[in-house]
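Take a look at the letters that make up each chain.
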Amino acid sequence: MEGQPTHRLLFVCTGNICRSPMAEVIARAYAAQEGLAVEVASASVLGLDGHPAHKHSIKVVSQWGLDLRAHAAQPVTQELMDWADYVLGMEIQHASKLRERYPEADEKILLLGTFGSVHEIEDPLGKWRPRFRSCRDLIRDCVHRFVDRLPKRG
């Protein structure tokens, strides 16, 4: 991993309190497990700033030894878009909003679900914890498939 250029991944959802924070910690852990140089961040198209991760997101990732307790939502910014090599949205509307706001980033905006069995990863907000678990599992499958496809650098 040392000396290997880093891939920068930005996961985006509506509020940056449920799906994208789960994707962020799952991607970070998987990349570390695989010995890949990957930096990861997540953000909100809604513009939430400073909100903690949802309690169910915190709980379901903690079942895998991952920690979201210190997470604070942040809005998508030009700086984050410039920083990222890949921007992975959860829903078609996320990708559309990002393409409207950042047309120069069009080619790096993707839908995370397309690396799994779906186009969109539905928001579990307002649902019971089992829905958060199934969302977490789908995100894990999609993140693993995406990370496995990253071009090898160096």
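Not measured: the values here are computed from a predicted model. (Residues numbered from 1 in each chain as written. Predicted model: local features only at pLDDT ≥ 70, side-chain atom pairs only at ≥ 80, totals over all residues. Heavy atoms only, no water.)

Give a description of the overall build of the protein that names residues and reports values.
When helices and strands are counted, the protein shows five helices and four strands. Of the regular secondary structure in the protein, the N- to C-terminal order runs β-α-β-α-α-β-α-β-α. What you see for the protein is a C-alpha radius of gyration of 14 Å, in line with the 15 Å of a compact globule of 154 residues. For the protein, the spread of C-alpha atoms along the principal axes amounts to about 45 × 35 × 30 Å. Each of the 154 residues in the protein was classed as buried or not, and the buried ones make up 47%. Carbon and sulfur atoms form 49% of the exposed surface of the protein, whose accessible area is close to 7700 Å². Here the protein contributes 20 positively and 20 negatively charged side chains, and the mean placements of these two sets differ by 8 Å. (Helix = DSSP H or I, 4+ residues; strand = E, 2+ residues; numbered from the N terminus. Rg over C-alpha atoms; globule rule 2.2 N^0.38 Å. Buried < 20%, exposed > 50% of the residue type's maximum accessible area, 1.4 Å probe, protein only. Areas by Shrake-Rupley, 256 points an atom, 1.4 Å probe, with all protein chains shown as cover. Lys, Arg positive; Asp, Glu negative; His and termini not counted. Charge placed at Lys NZ, Arg CZ, Asp CG, Glu CD.)

I'd like to hear about the packing of aromatic side chains, residue by residue, with values.
Under the criterion given, the structure shown has two aromatic pairs. Between Tyr86 and Phe146 the ring centres are 5.3 Å apart and the planes differ by 80°, which places this aromatic pair in the edge-to-face class. Residue Tyr86 is found in strand β3 (residues 86–89), and its partner Phe146 is found in helix α5 (residues 129–149); the two are separated by 60 residues along the sequence. The residues Tyr86 and Phe146 share a single accessibility class, namely buried. With a centroid separation of 4.9 Å and 80° between ring planes, the pair formed by Phe115 and Phe146 is classed as edge-to-face. Taken together, the positions of Phe115 in the loop between β4 (109–111) and α5 and Phe146 in helix α5 put the pair 31 residues apart, joining distant regions of the chain. Owing to a relative accessible area of 4%, Phe146 belongs among the buried residues under this scheme. Among the aromatic residues, those joined into a ring-pair cluster are Tyr86, Phe115 and Phe146. (Phe/Tyr/Trp six-rings, centres within 6.5 Å; stacked < 30°, edge-to-face > 60°.)

Can you tell me about the pattern of salt bridges, naming the residues and giving the values?
A complete count under the given rule lists eight salt bridges for this structure. A salt bridge links Glu91 to Arg19; its shortest N-O distance comes to 2.7 Å. One end of the pair, Glu91, is in the loop between β3 and α4 (92–101); the other, Arg19, is in helix α1 (residues 19–34), with 72 residues separating them in the sequence. The pair Glu91 / Arg19 is uniform in exposure class, with both members buried. Salt-bridge contacts for Asp141 lead to Arg140; the nearest nitrogen and oxygen are separated by 3.2 Å. The class for Asp141 is partly exposed, based on a relative accessible area of 31%. For Arg140, a relative accessible area of 27% corresponds to the partly exposed category. Within the structure, one salt-bridge network assembled from shared partners comprises Arg19, Glu91 and Asp123. (Salt bridge = Lys/Arg side-chain N within 4 Å of Asp/Glu carboxyl O.)

Explain the side chain of Glu91 residue by residue, including any values.
Take Glu91: its relative accessible area is 13%, and that puts it in the buried class. Discounting residues that sit within four places of it in the chain, Glu91 has contacts with Thr14, Arg19, Leu111, Glu120, Ile121 and Asp123. (Contact = heavy atoms within 4.5 Å.)

It is worth stressing that arrangement in space is one thing and function is another; only the former is reported here.
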